[in-house]
Amino acid sequence: MFFNLSNHPSSGWTKEQYEYAYSRWGEIRDLPFPPLGPELTEEDVLREVRDYLPKIPAKEEGVMSVFGEFCFTYAMANLLMRRGYSVKCVHSVDTVTTKPGEDGVIERRIEYRFLRYADYVTLPEKIERLESFEPVFLNCSCNYRSSEWLPEATAAAEVYGRIEDLPIEPFRGDEERQRSLARSLLRQIDEIRPSAVLLDGAFGTFYIMADTLLRRGYNVLVKCSERIVKEEKGPDDTIIKTSQYRFVRYRKVLPYTE
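Notes on the structure follow. Residue numbers restart at each chain and count upward from 1, following the sequence in its written direction. Reporting in this predicted model follows two pLDDT cut-offs: at least 70 for local features of residues, and 80 or more for side-chain atom pairs to be given and counted; totals over whole chains, interfaces and linings ignore these cut-offs and use all residues. Just so you know, side-chain values use all the structure's heavy atoms and leave hydrogens and water out.

1. Describing the overall build of the chain
- Helix and strand assignments follow DSSP, with helices taken as H or I runs no shorter than four residues and strands as E runs no shorter than two, numbered in order from the N terminus. Looking only at helices and strands, one finds six helices and ten strands in the chain.
- The C-alpha atoms of the chain give 18 Å as radius of gyration, which agrees with the globular expectation for 258 residues (18 Å, within 12%).
- Based on the C-alpha atoms only, the size of the chain along its principal axes is roughly 50 × 45 × 35 Å.
- Remark: exposure states derive from per-residue accessible area (1.4 Å probe, protein chains only) relative to the maximum for the residue type, with buried under 20%, exposed over 50%, and partly exposed in between. In the chain, which comprises 258 residues, the proportion classed as buried is 50%.
- In the chain, the proportion of contacts linking residues at least 24 apart, taken out of those at least 6 apart, comes to 74%.
- To measure how exposed things are, a 1.4 Å probe is used in the Shrake-Rupley method; for residues, cover is taken only from the protein chains shown. Counting only carbon and sulfur atoms, one obtains 48% of the accessible surface of the chain, whose full area is about 12700 Å².
- When the 36 basic and 42 acidic side-chain charges of the chain are each reduced to a single mean position, those positions are 3 Å apart. As defined in this context, the radius of gyration uses C-alpha atoms, and a globule is described by 2.2 Å times the residue total to the power 0.38. Contacts between residues were defined by any pair of non-hydrogen atoms, one from each residue, lying within 4.5 Å. In this charge count, Lys and Arg are treated as positive and Asp and Glu as negative; neither His nor the chain ends contribute. One atom stands in for each charge, and that atom is NZ of Lys, CZ of Arg, CG of Asp or CD of Glu.

The following block contains the structure:
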């Protein structure tokens, strides 16, 4: 069985995505992703993880697919992997268009083309923790440059120091390829030693980098926004999502500890 814990119910999937999951794992069962507003603190998100655990099926019943709000996704996927679950994320090819709207709103159009489901990947080696950092807010995003931010997001980032961009691309390929890319990116980040790292982008890329950076001792953040989302199926088996975002705050990514 395939358990879909995400904010994308299987009823809205493309034919390709549905058949991919069904042909490999059989029956698909949706588990609703909890509503997580931007006002929630880090502790609130971890409490949501704890409260959701009774709804999680036993690991013997099938595989879990977890993706949605980044802080919850990392904490839940990390916990389930530590408990021995097979945890999957979705890989897709995305086309992103961003433009400023009115009254502090960013409008973003993303066209998703499904590729596959794959395991969340981590680095197996021991990673030593750093003890000193520089006053830099490092923006590691697949699509969003700091020059596109609204003043509220810039001001909140500058609390951590000067803002620098380190653009990243989604990690493609098998697990060893993803690990190689993660090690390369970690070396680049270590040259800067920022006091905070903002991560955004593909879920598999986000997970391996969040896990690596937290083990290294970095402060990992995500951007929290109020948003209105419209989603529809496009031509050629794609999903088109149009969102309007209003920045609220940055939130730390933390593991769930038992």
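2. Section: helix α2 (residues 42-52)
- Among all positions of α2, only E42, V45, L46, V49 and Y52 are buried. For α2, the buried positions fall inside an angular range of 120° around the axis, keeping them on one side. The directions from the helix axis to the C-beta atoms are what the arc is built from.

3. Structural notes on the packing of helix α5 (residues 175-192) against helix α6 (residues 203-216)
- Note on method: axes are straight lines fitted to C-alpha atoms, helices fitted across the in-contact stretch only, with angles between N-to-C directions ranging 0 to 180 degrees. Axis separation between α5 and α6 bottoms out at 10 Å; the angle between their running directions is 45°. The angle between the axes of α5 and α6 places the two elements in the oblique class. In this structure, the crossing between α5 and α6 has a hand that is right-handed. Across from Q178, R179, A182, L185, L186, I189 and D190 in α5, the residues of α6 making contact are I208, M209, T212, L213 and R216.
- Residue composition of the contact of α5 with α6, by class: seven nonpolar, two polar and three charged. Any angle that is under 35 degrees is reported as roughly parallel, and any over 145 degrees as roughly antiparallel; angles of 65 to 115 degrees are reported as roughly perpendicular and all others as oblique. Two helices that cross are described as forming a left-handed crossing if the nearer one is turned anticlockwise from the farther one by less than a right angle, and a right-handed crossing if clockwise. Each residue is assigned to one class: nonpolar for Ala, Val, Leu, Ile, Met, Phe, Trp, Tyr, Cys and Pro, charged for Asp, Glu, Lys and Arg, and polar for all the others, Gly among them.

4. Notes on the nonpolar core
- Throughout, nonpolar core names a set of buried Ala, Val, Leu, Ile, Met, Phe, Trp, Tyr and Cys residues whose side chains join them through atoms within 4.5 Å. In this structure, L5, M76 and I189 are the most contacted members of the largest nonpolar core, which totals 67 residues.
- Of all the elements, helix α3 (residues 70-82) adds the most residues to this core, at nine residues.
- Those residues in contact with M76, other than ones at most four positions away along the chain, are L5, V49, Y52, L53, I56 and V66.
- Residues W149, A153, A196 and Y250 belong to the second largest nonpolar core, which totals nine residues.

5. Concerning empty space enclosed by the protein
- Cavities and pockets were defined on a 1 Å grid built over protein atoms only: a cavity is a set of grid points that admits a 1.4 Å probe from which the probe cannot escape, a pocket is an open set flanked by protein on both sides within 12 Å along at least five of seven lines, and lining residues are those with an atom within 4 Å of any such point. Grid points are joined across faces, edges and corners, and a volume is the space filled by probe spheres set on the points. One pass over the full model with this rule turns up one cavity of 30 Å³ or more.
- Mapped by element, the contributors of at least two residues to the lining of the largest cavity are α2 and β10 (238-252).
- Top contributing element to the lining of the largest cavity by residue count: α2, with three residues.
- Its residues assigned to classes, the lining of the largest cavity comprises four nonpolar, no polar and three charged.

6. Section: the side chain of R179
- You can see R179 is positioned in helix α5.
- Polar contacts, as used here, are pairs of N or O atoms within 3.5 Å; protein pairs need one atom able to donate a hydrogen and one able to accept it. Residues neighboring in sequence count only if both atoms are side-chain atoms. At 2.8 Å, the side chain of R179 and the side chain of E176 are in polar contact.
- When near neighbours in sequence (up to four residues on either side) are disregarded, R179 contacts V121, T122, L123, P124 and I208.

7. Quick look at α5
- For a helix, the expected span equals 1.5 Å multiplied by the number of residues minus one. With 18 residues, α5 should cover 26 Å at 1.5 Å per step; its first-to-last C-alpha distance of 26 Å lies within 8% of that length.
- All of the buried residues in α5 are Q178, R179, A182, L185, L186, I189 and D190. Seen along its axis, α5 keeps its buried residues to an arc of 145°; they face one direction. Across from the buried face of α5, at angles greater than 90 degrees, the exposed residues are R187 and E191.

8. Regarding the pattern of salt bridges
- Here, a salt bridge means any side-chain nitrogen of Lys or Arg that lies within 4 Å of a carboxyl oxygen of Asp or Glu. All told, the structure shown has twelve salt bridges when counted by the stated rule.
- One salt bridge connects R47 with D44, and the closest N-O pair in it is separated by 2.8 Å. Taken together, the residues span about one helical turn, with R47 and D44 both in helix α2 at a distance of three residues.
- Take R47: its relative accessible area is 38%, and that puts it in the partly exposed class.
- With a shortest N-O distance of 3.0 Å, D190 and R216 are connected by a salt bridge.

9. Focus: the packing of α3 against α6
- Taken N-terminus to C-terminus, the directions of α3 and α6 make an angle of 75°; their axes are 11 Å apart at the nearest point. When the axes of α3 and α6 are compared, the pair comes out roughly perpendicular. Counted together, F70, T73, Y74, A77, N78 and M81 of α3 and F203, F206, Y207, A210, D211 and L214 of α6 form the full contact between these two elements.
- The residue makeup of the contact of α3 with α6, split by class, is nine nonpolar, two polar and one charged.

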